[in-house]
Each structure stands twice: as C-alpha cells, then as structure tokens.
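# Descriptive structure summary
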Amino acid sequence: MSILRIHHYPDPVLKLKAERITVFDTELRALASHMLETMYAAPGVGLAAPQVGISRRLIVLDCSPKDGDRQPLVAVNPEILAREGECCEEEGCLSVPEYYAKVVRSEKVRVRFQEIDGTPREIEADGLWAICFQHEIDHLDGILFVDRLSPLKRSLFRKKYQKIQEQRQEQL
Ligand code: NI
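Below: a short report on this structure. (Residues numbered from 1 in each chain as written. Predicted model: local features only at pLDDT ≥ 70, side-chain atom pairs only at ≥ 80, totals over all residues. Heavy atoms only, no water.)

## Observations concerning the coordination of the nickel ion
At the metal site, the nickel ion is ligated by Cys93 (SG), His135 (NE2) and His139 (NE2), and these contacts range over 2.1 to 2.2 Å. Positions of the donor residues of the nickel ion along the chain correspond to the pattern C-x41-H-x3-H. One end of the pair, Cys93, is in strand E4 (residues 87–93); the other, His135, is in helix H2 (residues 127–140), with 42 residues separating them in the sequence. Of the two residues, Cys93 and His135, neither departs from the other in class, the shared state being buried. (Donors = N, O, S within 2.8 Å, 3.2 Å for Na, K, Ca; no water. Helix = DSSP H or I, 4+ residues; strand = E, 2+ residues; numbered from the N terminus. Buried < 20%, exposed > 50% of the residue type's maximum accessible area, 1.4 Å probe, protein only.)

What follows is the structure in structure tokens.
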C-alpha cells in the first residue's frame, strides 16, 4: 500500500477528459487500492484517478457513516444513466484544499460501471453517495465542483483560493 500525491487545482491534469479503461489487470487493481488508501488517509469520501495524476476513468468512494464499517466502492468507467430530483449540499474536494461551497446536484442517480475485474454493475445511489458519484464522475470529465458555481461565486472562489495558496506556501 502507498499513499499517492494528490494534485491540486490549478494542475492541468485536473482539466483533462480521462481515458476509458479497457485492461483489467493487476496494475489497475494496485492503483485502485492505493487510491483507496490515499482517500482514507486524507481523509475523504471519494477520489478520482486524475486527482493522483492519472488520466483514466477510475473512481473510489466510501460514503458510509464514520462510526460504521468501511464500505469501499471501486468504479471503473462509471457513467450516470438516470437522474432524479435536486439537492444542494456543501462540497469540498481533496484537490481544492480548504474551500467548501454548496453545489446543485441530482438527488438520486442510477450509475453504470465496471468492477475492478471488469464485471458490469448498475446501482441506484442517493444521499451522500449520489452527490459523491456525481462529483467524482465530473473529475473524469475535467470538471471540478467550483466549475459548477455561479460566475460570481466562482470569481470569489478564485480570490479566496489565491489567499489560501499563499498561506500554504508560507507554511512550507
Ligand atoms: Ni473532488
């Protein structure tokens, strides 16, 4: 197991459209377990391969309650088949440290993906799982949660984030 380096906005790898995965080998399996380890260590509830600098369509999630058992989920080539309802919850992102904002998302989603061995699977997600799926799948298309804010909020984000980055630089 190893902890991977998380790439931060505005790293260009975060803006790429990630490539579809066609080979389900031990390398892919290792990447998924390193990503899970990295996500739990952060800690976070989701992580997409582009966030660790790998532009491939792989995400890992675990939105189970903090005091319960872990429920790691690995999704290869995930896509949203159907959406229902609307919600607006505060989100953050391991690639956009120390910034949080409310984002409008679908309340429920039906997601199709492949398991780590290539087995096709479909699930219905709601609550935090639904939000997390949408957030992580966005990463595979080069979209960050801040891209979904209104133009005004986004310009406020840029100013605030610049300050956050300057402070981080001073701490290093
Ligand atoms: Ni994110």
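## Focus: the nonpolar core
Within the largest apolar cluster, 18 residues are counted, with the highest numbers of intra-cluster contacts made by Ile59, Leu61, Leu73, Phe113 and Phe133. Among the secondary structure elements, those contributing two or more residues to this core are strand E2 (58–61), strand E3 (73–84), strand E6 (108–114), strand E7 (120–126) and H2. Apart from residues no more than four positions distant in its own chain, Leu61 is found in contact with Met39, Val45, Gly46, Gln71, Pro72, Leu73, Trp129, Cys132 and Phe133. (Core = buried A, V, L, I, M, F, W, Y, C linked by side-chain atoms within 4.5 Å. Contact = heavy atoms within 4.5 Å.)

## A closer look at the sheet that holds E3
Taking strand neighbours across the sheet as the criterion, the five strands line up as E1-E2-E3-E6-E7 in an open arrangement whose pairing is antiparallel. Two strands lie at the open edges of the sheet, namely strand E1 (46–48) and E7, each paired on one side alone. With direction set aside, neighbouring strand axes in the sheet form an average angle of 40°. Examined bridge by bridge, E2 and E3 share four bridges and lie antiparallel to one another. Along E3, the bridge assignment pairs Leu58 with Val76. Sitting on the sheet, helix H1 (residues 26–41) is in contact with E1, E2 and E3, with an inclination near 40° to E2. Packed onto the sheet, H2 meets E1, E2, E3, E6 and E7 and runs at close to 110° relative to E3. (Pairing = 2+ DSSP bridges. Axes fitted to C-alpha atoms, helices over the stretch in contact; angles between N-to-C directions.)

## Topic: the pairing of E2
Every second residue of E2 is oriented toward a common face, with Leu58 and Val60 on one face and Ile59 and Leu61 on the other, all of them buried. Judged from the three bridges that link them, E1 and E2 form a sheet pairing that is antiparallel. Following the sheet pairing, Leu47 is matched in E2 by Val60.

## Considerations on the environment of Gln71
Its location among the elements puts Gln71 in the loop between E2 and E3. Taking the C-alpha atoms as reference, Gln71 lies 32 Å from Phe157; in sequence the two are 86 residues apart. Setting aside chain neighbours within four positions, we find Gln71 in contact with Tyr40, Leu61, Asp62, Ser64 and Trp129.

## Topic: the packing of aromatic side chains
Throughout the structure, instances matching the rule amount to six aromatic pairs. Considering the side-chain rings of Phe157 and Tyr161, the 5.2 Å spacing of their centres and the 35° angle between planes classify their relative orientation as tilted. A residue pair is termed a helical-turn pair when its members lie 3 or 4 positions apart in one helix, as Phe157 and Tyr161 do in helix H3 (residues 151–171) at four residues. Ring pairing ties together the aromatic residues Tyr9, Tyr99, Phe145, Phe157 and Tyr161, which thus form one cluster. (Phe/Tyr/Trp six-rings, centres within 6.5 Å; stacked < 30°, edge-to-face > 60°.)

## Some remarks on the pattern of salt bridges
Tallied over the entire structure, the rule returns 11 salt bridges. Put simply, Lys15 and Asp147 hold a salt bridge, and the shortest N to O gap is 3.3 Å. Linking Lys15 in the segment before H1 with Asp147 in the loop between H2 and H3, this pair joins segments that are 132 residues apart in sequence. A residue is classified by how much of its surface remains accessible, and Asp147, at 27% relative accessible area, is partly exposed. With a shortest N-O distance of 2.4 Å, Glu122 and Arg110 are connected by a salt bridge. A residue pair is termed long-range when its members are at least 10 positions apart, and Glu122 in strand E7 and Arg110 in strand E6 qualify at 12 residues. (Salt bridge = Lys/Arg side-chain N within 4 Å of Asp/Glu carboxyl O.)

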